[in-house]
Amino acid sequence: MQPYKFPYEFETLPDNYSLIIYTKISSSYLFRCDGCNQLKSGIYIATHDGNYKLDIVCATLPSKIKHEAFEQPLVQVVASTRTYMFCDACGLRIGNNEVFFNSRAPWFTLHAHCAFRPHKLNHPWDSHALTLITPEDIIEDHPQDFNCEHCSDDIDANYWFYHCSLCDLSCHMKCINKLYRYSNINFNASGTQIEQQKLHEHGLTLVLSKRKRCCASCSRQVFYAPVFHCTTCNFIICPSCVLDVDASLFE
Ligand SMILES: [Zn+2]
Ligand SMILES: [Zn+2]
Ligand SMILES: [Zn+2]
Ligand SMILES: [Zn+2]
Ligand SMILES: [Zn+2]
Ligand SMILES: [Zn+2]
């Protein structure tokens, strides 16, 4: 941990927060951000009791946004246990403590991470960029229902999804969120190497596993997920077998 000057955007934060920075792998290098419920790395703000953590993206979200898919401005809200709302982009429920954007008239709700998904994104299974499709977009002459390449389920076009019209490849927003949920983790950075003789004889580096592999310790399958990797013998071990990080974040 090292001293750090607060960026300008943090000046409005409640004073019971501190900024925590890990520049090297330690048991807390990976953490779950309460604002987006995703695994993040290295830098966060936390309440003094450490019970509530926000990564830099969630900590610096604007209080209001205007999204091209909706005519009204959307206001930032933090969900409580009483919040019973569903995201109009991915269709999933807004979880406790999650940051989301909402309009009450007419009703419209977006997870923060869904609101900031790009209009076009690259996908490992398609050589073209996929385009974000919202209910406003009409895809002409499409013969049948859309089907998700990841989970094989049909896509309800009332929700958002990604699509390549050249290959007719489609993917649920919720499945894209899953695929990209580790994209903000700082991989291959200096300091993401660990030496732990009891785990493995060589140094291990935190990388994103782009192939299906199994953890050498717990045998859990990892795909598009963070792993500690040995370049010498291609050994891998999952973060929850190395660090103090909840295995449920990788499900
Ligand atoms: Zn977050
Ligand atoms: Zn969502
Ligand atoms: Zn899917
Ligand atoms: Zn394509
Ligand atoms: Zn493991
Ligand atoms: Zn090795």
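Residues numbered from 1 in each chain as written. Chains lettered and ligands numbered in written order. Predicted model: local features only at pLDDT ≥ 70, side-chain atom pairs only at ≥ 80, totals over all residues. Heavy atoms only, no water.

The name given to the protein in an unreviewed UniProt entry is Phorbol-ester/DAG-type domain-containing protein, with Daucus carota subsp. sativus as the source organism.

Visitor: I keep staring at the coordination of the zinc ion (ligand 5) and nothing clicks. Help me out?
Guide: When a metal carries six donors in an octahedron, the ideal angles between them are 90 or 180 degrees, while four donors in a tetrahedron ideally lie at 109.5 degrees. At 2.2 to 2.3 Å from the zinc ion (ligand 5) lie its protein donor atoms, namely Cys-215 (SG), Cys-218 (SG), Cys-238 (SG) and Cys-241 (SG). In the primary structure, the donors to the zinc ion (ligand 5) are separated according to the pattern C-x2-C-x19-C-x2-C. For Cys-241, a relative accessible area of 25% puts it in the partly exposed group. (Donors = N, O, S within 2.8 Å, 3.2 Å for Na, K, Ca; no water. Buried < 20%, exposed > 50% of the residue type's maximum accessible area, 1.4 Å probe, protein only.)

Visitor: Can you walk me through a negative patch on the surface in this structure?
Guide: Taken together, the side chains of Glu-68, Glu-71, Glu-136 and Asp-137 present a region of like negative charge at the surface. Structurally, Glu-71 can be placed in the loop between β6 (64-65) and β7 (74-78). (Patch = residues over 30% accessible without salt bridge, like charges linked within 9 Å, V, L, I, M, F, W, Y side chains within 5 Å. Areas by Shrake-Rupley, 256 points an atom, 1.4 Å probe, with all protein chains shown as cover. Salt bridge = Lys/Arg side-chain N within 4 Å of Asp/Glu carboxyl O. Lys, Arg positive; Asp, Glu negative; His and termini not counted. Charge placed at Lys NZ, Arg CZ, Asp CG, Glu CD. Helix = DSSP H or I, 4+ residues; strand = E, 2+ residues; numbered from the N terminus.)

Visitor: Mind showing me how you'd approach the coordination of the zinc ion (ligand 4) here?
Guide: The zinc ion (ligand 4) binds to the protein through Asp-126 (OD), Asp-126 (OD), His-128 (ND1), Cys-164 (SG) and Cys-167 (SG), with metal-donor distances spanning 2.1 to 2.5 Å. The exposure class assigned to His-128 is partly exposed, which follows from its relative accessible area of 30%.

Visitor: Could you clarify how one ought to interpret the sheet that holds strand β4 (residues 43-47) in this entry?
Guide: Pairing between the strands of a sheet comes from backbone hydrogen bonds, and it takes one of two forms, parallel or antiparallel. Spatially, 3 strands are ordered β1-β4-β5 in an open sheet, and the strand pairing comes out antiparallel. What marks the edges here is a single partner per strand, and that holds for β1 (17-21) and β5 (53-55). Recorded for the sheet is a direction-independent mean angle of 30° between the axes of neighbouring strands. Two elements, β1 and β4, share 5 bridges in a ladder whose sense is antiparallel. Each residue of the ladder has a partner; that of Tyr-17, found in β4, is Thr-47. (Pairing = 2+ DSSP bridges. Axes fitted to C-alpha atoms, helices over the stretch in contact; angles between N-to-C directions.)

Visitor: I would appreciate a short explanation of the nonpolar core in the present structure.
Guide: Across soluble globular proteins, you tend to see nonpolar side chains buried next to one another. In terms of nonpolar packing, the biggest core is built from 41 residues, with Leu-39, Leu-206 and Phe-228 touching the most fellow members. At the level of secondary structure, the elements contributing two or more residues to this core comprise β1, β2 (30-33), β4, α1 (56-59), β15 (204-209), β18 (225-229) and β19 (236-237). Sort the elements by how many residues they give to this core and β1 lands first, with 4 residues. Two domains share this core, each providing at least three of its residues, namely domain 1 (8-59) and domain 4 (193-250). Residues within four places of Phe-228 in sequence aside, it is in contact with Ile-25, Thr-192, Ile-194, Leu-204, Thr-205, Leu-206, Phe-235, Ile-236, Ile-237, Pro-239, Val-242 and Leu-243. Counting residues in each nonpolar core, the second largest holds 35 residues, with Ala-79, Met-85, Trp-160 and Leu-169 among its members. (Core = buried A, V, L, I, M, F, W, Y, C linked by side-chain atoms within 4.5 Å. Domains from an automatic or database assignment. Contact = heavy atoms within 4.5 Å.)

Visitor: Sorry, what's going on with the confidence of the model for the protein here?
Guide: As a general rule, the predicted coordinates of low-pLDDT regions are not to be interpreted in detail. On average, residues of the protein score 86 in pLDDT, and 91% of them reach the 70 mark or higher. Across residues 1-10 the pLDDT falls below 50, and counting only partners more than four positions away or on other chains, this stretch makes 14 contacts in the model. (pLDDT = per-residue confidence, 0-100.)

Visitor: Just to check I follow, could you spell out the sheet that holds strand β13 (residues 169-172) for this structure?
Guide: Pairing in this open sheet of 4 strands is antiparallel, and the strands run β10-β11-β12-β13 from one edge to the other. Looking along the sheet, the strands with just one partner apiece sit at the ends: β10 (120-123) and β13. Geometrically, the sheet is characterised by an average inter-axis angle of 30° between neighbouring strands, direction not taken into account. Pairing between β10 and strand β11 (residues 126-133): 3 bridges, direction antiparallel. Residue pairing for β11: Lys-120 is matched across the bridge by Thr-131.

Visitor: Whenever I open this one, the pairing of strand β9 (residues 107-111) confuses me. Can you help?
Guide: On a regular strand, each side chain points to the face opposite its neighbour's, so the side chains alternate between the two faces of the sheet. Counting buried positions along β9 yields 4 of 5 residues, so the element is predominantly enclosed. Pairing of strand β8 (residues 99-104) with β9 involves 5 bridges; the strand directions are antiparallel. Residue pairing in the sheet places Asn-102 in a bridge with Thr-109 of β9. Counting the residues between successive antiparallel strands, the hairpin from β8 to β9 contains 2 residues.

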